[in-house]
Amino acid sequence: MISKTKDAITTLTITRPDDWHVHLRDGDQLKDTVRDISRYMGRAIIMPNLVPPATCTDTALEYRARIMAAGPQGDFEPLMVLYLTDKTTPEEIKKAKETGKIVAAKLYPAGATTNSDSGVTSVKNIYSVLKAMQEVGMLLLVHGEVTDSSIDIFDREKVFLDTILGDVVNDFPELKIVLEHITTKDAVEFVVNAPDNVAATITAHHLLYNRNHMLAGGIRPHYYCLPILKRNTHQQALMAAAISGNKKFFLGTDSAPHYKDKKEAACGCAGAYTAHAAIELYAEAFEEAGALDKLEGFASHFGPDFYGVMRNQDTITLQRNPWRVPASYSLGDSQVVPIKAEDMIEWEVS
Ligand SMILES: NC(=O)N[C@@H](CC(=O)O)C(=O)O
Ligand SMILES: [Zn+2]
Ligand SMILES: [Zn+2]
């Protein structure tokens with residue numbers, strides 16, 4: 001439901017959204033990340049790239065218990081994910097699935113991103129695991145970048161699609177696959193042309209920004225994330241996909257906090273924090289594209305439909321009420337600098 005005064009839309013009520021890709025970290029950071037994610041998200045897919053990673057059923061369930069102990073608001077439900085390694089077994093997949101609390105497993109090519117060193121060194125090493133996932137109906141979530149140092153960082157997503165993911169899609173026709181945080185026109189086309197068991201998440205920051213925001217007029221480390229921001233033509237292709245109404249594209253923030261001093265460093269960490277204003281940032285992007293009416297499908301319908309779970313039954317309301325984002329938020333015993341720090345956000349969730 002949309003209300004207008006004169007021409008501007010002032011309130012927007014949508015089915016409660018879910019976040020299909022988020023990093024909550026662990027330890028004393030959980031009180032902060034869990035507070036933010038559970039403000040209005042119904043459910044979230046919790047990424048397992050902890051130190052050490054959540055590679056088995058027991059560690060994933062223990063992590064879930066720590067998230068619940070951090071005191072989420074409302075009926076927030078964390079959906080857990082197993083971190084795949086070369087050593088993951090089909091038996092572990094079956095055990096995880098039987099818990100009902102672990103809904104997916106994550107393929108990190110070893111070395112591709114933050115805390116991915118224990119990831120998979122060759123997708124062939126996990127073919128028996130992918131077969132088991134296909135059989136039991138567990139989703140495969142993919143960080144889609146090659147790690148070959150000879151491949152330019154701006155090409156790593158496309159090369160992954162061409163040399164790795166295409167074969168996986170062909171070899172496992174019944175396996176549900178989510179290509180996470182897509183960043184290129186090539187990825188949009190790959191997903192559009194793939195069968196219905198292949199979908200993708202899109203972050204708010206890849207809709208709002210391109211590599212100029214990170215690199216023109218000074219280097220801005222808080223925009224540095226992986227896959228890296230691309231040129232504006234790719235940003236436009238992502239926006240077109242997000243507002244297309246195509247059910248294969250849905251919300252996954254990839255909100256990934258790192259301490260301020262770890263970002264503002266000679267060798268800064270990859271990851272952007274957006275959970276302080278997740279749906280608000282998407283609303284800005286959709287409004288800029290003149291497509292606020294497409295936000296609900298993307299944020300609240302297509303994700304649960306693809307995962308095969310019920311849509312949330314209640315709603316949230318966004319109001320036009322511009323507010324200034326703080327310079328930083330507390331994160332554990334330190335600080336995180338959020339996206340749009342000290343800048344204005346147009347929308348507020350009431
Ligand atoms: N996206 C990022 O730049 N970083 C994520 C890892 C990931 O999702 O690839 C993180 O955990 O910090
Ligand atoms: Zn990733
Ligand atoms: Zn991520």
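Reading the values: rules and limits
Residues numbered from 1 in each chain as written. Chains lettered and ligands numbered in written order. Predicted model: local features only at pLDDT ≥ 70, side-chain atom pairs only at ≥ 80, totals over all residues. Heavy atoms only, no water. Helix = DSSP H or I, 4+ residues; strand = E, 2+ residues; numbered from the N terminus. Buried < 20%, exposed > 50% of the residue type's maximum accessible area, 1.4 Å probe, protein only. Polar contact = N/O pair within 3.5 Å; in protein donor to acceptor, adjacent residues only side chain to side chain. Contact = heavy atoms within 4.5 Å. Donors = N, O, S within 2.8 Å, 3.2 Å for Na, K, Ca; no water. Tetrahedral: all angles 85-135°; square planar, octahedral: opposite > 155°, others 65-115°. Axes fitted to C-alpha atoms, helices over the stretch in contact; angles between N-to-C directions. Parallel < 35°, antiparallel > 145°, perpendicular 65-115°, else oblique. Left-handed = near helix turned anticlockwise from the far one by under 90°. Nonpolar A, V, L, I, M, F, W, Y, C, P; charged D, E, K, R; others polar. UniProt positions renumbered as here; feature names shortened; annotations may be inferred. Near = heavy atom within 4 Å. Areas by Shrake-Rupley, 256 points an atom, 1.4 Å probe, with all protein chains shown as cover. Core = buried A, V, L, I, M, F, W, Y, C linked by side-chain atoms within 4.5 Å. pLDDT = per-residue confidence, 0-100.

Our focus in this paragraph is the side chain of R43. The residue R43 is located in strand β4 (residues 43–46) in this model. Exposure remark for R43: the relative accessible area of 9% places this residue in the buried category. Among the polar contacts made by the side chain of R43, one reaches the side chain of D18 at a distance of 2.9 Å. Filtering out sequence-adjacent residues up to four positions away, R43 remains in contact with P17, D18, D19, F76, E77, L79, P304, V309, M310, R311 and N312.

What follows covers the coordination of the zinc ion (ligand 3). Around the zinc ion (ligand 3), the protein supplies H21 (NE2), H23 (NE2) and D254 (OD) as donor atoms, at distances of 2.0 Å. The site at the zinc ion (ligand 3) holds 4 donor atoms, and with the angles between them running 95 to 137°, its shape is irregular. Each donor residue of the zinc ion (ligand 3) lies on one chain, and together they are spaced H-x1-H-x230-D. Taken as an interatomic distance, the gap from the zinc ion (ligand 3) to the zinc ion (ligand 2) is 3.9 Å.

To continue, consider the packing of helix α5 (residues 156–171) against helix α6 (residues 185–193). At a closest axis distance of 10 Å, the pairing of α5 and α6 adopts a crossing angle of 15°. Looking at the two axes, α5 sits roughly parallel to α6. Here the hand of the crossing between α5 and α6 comes out right-handed. Along the contact surface, α5 presents E157, K158, L161, L165, G166 and V169, while α6 presents D186, A187 and F190. The residue inventory of the contact of α5 with α6, partitioned by class, reads 5 nonpolar, 1 polar and 3 charged.

Bound to the zinc ion (ligand 2) are the protein donor atoms H143 (ND1) and H181 (NE2), situated 2.0 to 2.1 Å from the metal. Around the zinc ion (ligand 2), the 4 donor atoms sit at angles spanning 53 to 148°, and that spread fits a shape best called irregular. By relative accessible area, H181 is classed as buried at 2%.

The next point concerns the UniProt feature "domain: Amidohydrolase-related" (unreviewed entry) in the protein chain. Mapped onto the present numbering, the UniProt feature "domain: Amidohydrolase-related" (unreviewed entry) falls on residues 19–296. Structurally, residues 19–296 is divided into 37% helix and 13% strand, and its ends, taken at the C-alpha atoms, are 13 Å apart.

Axis separation between α6 and helix α9 (residues 232–242) bottoms out at 8 Å; the angle between their running directions is 30°. Listed contacts from α9 to K185, D186 and V188 of α6 are H234, A237, L238 and A241. Here the contact of α6 with α9 is composed, by residue class, of 4 nonpolar, 1 polar and 2 charged.

As a further point, take the site of ligand 1. Around ligand 1 there are 15 residues in total, and R25, N49, T113, L226 and D254 lie nearest to it. In this structure, an oxygen atom belonging to ligand 1 sits 3.1 Å away from a side-chain N or O atom of H23. In the model, an oxygen atom of ligand 1 is placed 2.7 Å from a nitrogen or oxygen of the T113 side chain. Compared with its free state, where it exposes 320 Å², ligand 1 has 100% of that area covered by protein. Looking at the shell around ligand 1 residue by residue, the class counts come to 4 nonpolar, 9 polar and 2 charged.

Looking now at the UniProt feature "binding site: Zn(2+) 1" (unreviewed entry) in the protein chain. Residues annotated in UniProt with the feature "binding site: Zn(2+) 1" (unreviewed entry) correspond here to H21, H23, K106 and D254. Spatial clustering of the annotated residues is evident: they stretch over 234 residues in sequence, but the largest pairwise C-alpha distance comes to 13.5 Å. Along the chain, H21 turns up in strand β3 (residues 19–22). On the basis of relative accessible area, H21 is assigned to the buried category, the value being 1%.

Let us look at the nonpolar core. Ranked by size, the top nonpolar core spans 95 residues in total, and within it L130, L140, L165 and I279 carry the most contacts. The element that contributes the greatest number of residues to this core is helix α11 (residues 278–288), accounting for 7 residues. Those residues in contact with I279 that sit more than four places away from it in its chain are I14, P17, Y40, L251, L295, A299, I316, L318 and V349. Of all hydrophobic cores here, the second largest spans 16 residues; its members include I45, M47, F302 and Y307.

Before going further, it helps to examine the confidence of the model for the protein chain. Confidence along the protein chain averages 97 in pLDDT terms, with 99% of residues attaining 70 or more. We note a pTM of 0.98 for the whole complex and an ipTM of 0.99 for its interfaces.

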